[in-house]
Amino acid sequence: MQYISTRGKAEALDFAGVTLTGLARDGGLYVPAEIPVLSADEIRSMRGMSYAEIAFIVIKPFVVGSVKDADLQAMLGDTYGDVFRHSATAPLAQVGVNDWYLELFHGPTLAFKDFALQLLGQFFDHFTKEHASDKKLTILGATSGDTGSAAIEATRGRENVQIFMLHPKGRVSDVQRKQMTTVREDNVVNIAVDGTFDDCQALVKACFNDLAFRDQVNLTAVNSINWARVMAQIVYYFTSAVALGAPDRRVSYSVPTGNFGDIFAGYIARQMGLPIAKLVIATNSNDILARTLKTGRYAMDGVSATLSPSMDIQISSNFERLIFDLVGRDADQVQTYMDALNTSGAFSLSENESAHLRELFAADQVDDTATLNIMHRLYKETGYVSDPHSAVGFQAAQTCLHGAEPKITLATAHPAKFPEAVRQAIGVTPELPAHMSDLFDRPERMITLPSDKSALMTRITKGGWLNGDNP
Ligand SMILES: *Cc1c(COP(=O)(O)O)cnc(C)c1O
């Protein structure tokens, strides 16, 4: 399978190439040159299969030429076996007459990001060993919360990989910080940056845009612009739809959305032949996507802090992948839109593109008050304790979906990751699962750096955790 950039100027790469590269060198995002389609019979054959078995059927066409079948099977078995603490890996919980939560929080860091990052960690290991390079892969990322811990958990102790994870000092929750900084392997370096999340992201971007530095340390990205992450997330659309009757029954999804990675995976699942009636983009009050659907204009409008912080974004980086399809895969048109976004903070879709967008998706914006209300209602009516991100999705499903097909909301985080919001909504503090109950007793380790590109580059060049680093 070949992958091409949405901006049309970077070279086409195979799966190994896009996995190790992350962002295309022309600033675009890699997408498959063509989308594989599964027949109704192939989808029907998934009934009764394990998560790893279905993952093999879904993922195989995307990695042909880069990963041997037996290796893929082994990696999927390792990733979706014992690492997830539920035998169904991604179980469905019924929470209404025609409503289901797809629980994606049974992985090691309690958010859906484990599904993709655990597999990405396997691929990094596999490709670096195969290419027998003596140069380590350097992962650099910025996190406002869930990505950092999931990426660290997926790469800790891996021989050929080192990871530097930036977070804004004092601005991530205690659970989120502890999940990152209590990891003791020497290939993990947590960096608290004196600044905001935007400062952290700007630093990461500056490092990636310095192509000499990028090559010198063999830099790669783990944020959701990495195609392998999107690919891994396609699988649970198949497992859940098949469990509820696909391909002989249509289903709809509501997806708590930030960077548009998770819901874009649903869009690909539909392209692959899964009968999805509607995909709902559920946003909190940072609603650039909901506004775009309504007005056809994609316009930046600042960020405000909400009870669902993992969706507090100004722009959604994966949306560029959808735009690429909306404009008929015309890379020059994508470049024109992205230039306008950079210079004036906005661009407008054509009538046709807007109409197509609305045909594929619905969208709803759910503010904090509505989030707390629906968490409270769910708890009273069913006893279900929902985290605030998942609740945004559930409320949007109620607003946007009115057909007879099953409504599946992606439950993207475990409620114990956001204890304050849960207590505020239902008066009960959710408990961390047993394997994490001592999280607050584990010692932390991180370094602090100013928001300064050269200080960061100097530290990265020195490699993994050093004795001279302050503990
Ligand atoms: C990352 C995250 C999201 C947003 O997912 P995107 O793929 O960025 O749209 C939603 N909920 C939780 C809990 C997350 O960690």
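In what follows, the structure referred to is the one given above.
Just so you know, these numbers come straight off a predicted model, no measurement behind them.

Caption draft 1: Representation of the overall build of the protein chain in the model. In terms of regular secondary structure, the protein chain is built from 19 helices and 15 strands. For 471 residues, the compact-globule estimate of 2.2 N^0.38 gives 23 Å, and the C-alpha radius of gyration of the protein chain, at 21 Å, lies within 12% of that figure. Dimensions of the protein chain, computed from the C-alpha atoms along their principal axes, are close to 60 × 50 × 50 Å. Counting the 471 residues in the protein chain, one finds 61% classified as buried.

Caption draft 2: Structural view of the environment of Gln 395. Considering the arrangement of structural elements, one finds Gln 395 in helix α17 (residues 388-400). When the C-alpha positions of Gln 395 and Val 366 are compared, they lie 7.2 Å apart, and in sequence the two are 29 residues distant. With near-sequence residues (within four places) excluded, Gln 395 lies in contact with Asp 364, Val 366 and Ile 374.

Caption draft 3: Region of interest: the packing of aromatic side chains. Considering all chains together, one arrives at 24 aromatic pairs under this definition. Among the aromatic residues, those joined into a ring-pair cluster are Phe 260, Phe 264, Tyr 267, Tyr 298, Phe 319, Tyr 337, Phe 347 and Phe 361.

Caption draft 4: Focus on the sheet that holds strand β6 (residues 161-168). Spatially, the five strands line up as an open sheet ordered β8-β5-β6-β7-β15, and their pairing is parallel. At either end of the open sheet lies a strand with only one pairing partner, and these are β8 (219-220) and β15 (447-450). Inspection of the sheet shows β6 paired to strand β7 (residues 188-194) by six bridges, in the parallel sense. Bridge pairing in β7 places Ile 163 opposite Val 188. Against the sheet, helix α19 (residues 453-461) makes contact with β5 (137-142), β6, β7 and β15, and its axis sits at roughly 145 degrees relative to β15, the strand it touches most.

Caption draft 5: Local environment of the packing of helix α13 (residues 319-326) against helix α14 (residues 331-344). One can describe the packing of α13 onto α14 by two numbers: an axis separation of 9 Å at closest approach and a directional angle of 135 degrees. By the angle class used here, α13 and α14 are oblique. Crossing angle aside, the handedness with which α13 passes α14 is right-handed. For the pair α13 and α14, the contacting residues are Glu 320, Ile 323 and Phe 324 in the first and Ala 331, Val 334, Tyr 337 and Met 338 in the second. Residue composition of the contact of α13 with α14, grouped by class: six nonpolar, no polar and one charged.

Caption draft 6: Representation of helix α7 (residues 174-181). Among the eight residues that make up α7, seven are buried, leaving the element largely enclosed by the rest of the structure. Of all the positions in α7, only Val 175, Gln 176, Arg 177, Lys 178, Gln 179, Met 180 and Thr 181 are classed as buried. Looking at the buried residues of α7, the elements they touch are α6 (146-155), β6 and β7.

Caption draft 7: Structural view of the pairing of β15. The side-chain alternation of β15 yields one buried face, formed by Ile 447 and Leu 449, and one unburied face, formed by Thr 448 and Pro 450. With four bridges connecting them, β7 and β15 associate as parallel partners. Pairing of Ile 191 across the sheet is with Ile 447, part of β15.

Caption draft 8: Focus on the state of the cysteines. Applying the stated rule across the entire model yields zero disulfides. Here Cys 207 stays unpaired: no disulfide links it, and the sulfur of Cys 200, its closest cysteine neighbor, is 12 Å away. Note on Cys 207: relative accessible area 0%, which makes it buried.

Caption draft 9: Looking closely at the environment of Met 165. Within the element layout of this structure, Met 165 appears in strand β6. Taking the relative accessible area as the measure of exposure, Met 165 reaches 0% and is therefore buried. Sequence spacing of Met 165 and Met 446 is 281 residues, and the spatial spacing of their C-alpha atoms is 9.7 Å. The residues contacting Met 165, other than those within four sequence positions of it, are Gly 141, Ala 142, Thr 143, Gly 148, Ala 151, Ile 152, Met 180, Val 189, Asn 190, Ile 191 and Val 222.

Cut-off values and rules
Residues numbered from 1 in each chain as written. Predicted model: local features only at pLDDT ≥ 70, side-chain atom pairs only at ≥ 80, totals over all residues. Heavy atoms only, no water. Helix = DSSP H or I, 4+ residues; strand = E, 2+ residues; numbered from the N terminus. Rg over C-alpha atoms; globule rule 2.2 N^0.38 Å. Buried < 20%, exposed > 50% of the residue type's maximum accessible area, 1.4 Å probe, protein only. Contact = heavy atoms within 4.5 Å. Phe/Tyr/Trp six-rings, centres within 6.5 Å; stacked < 30°, edge-to-face > 60°. Pairing = 2+ DSSP bridges. Axes fitted to C-alpha atoms, helices over the stretch in contact; angles between N-to-C directions. Parallel < 35°, antiparallel > 145°, perpendicular 65-115°, else oblique. Left-handed = near helix turned anticlockwise from the far one by under 90°. Nonpolar A, V, L, I, M, F, W, Y, C, P; charged D, E, K, R; others polar. Disulfide = S-S within 2.5 Å.

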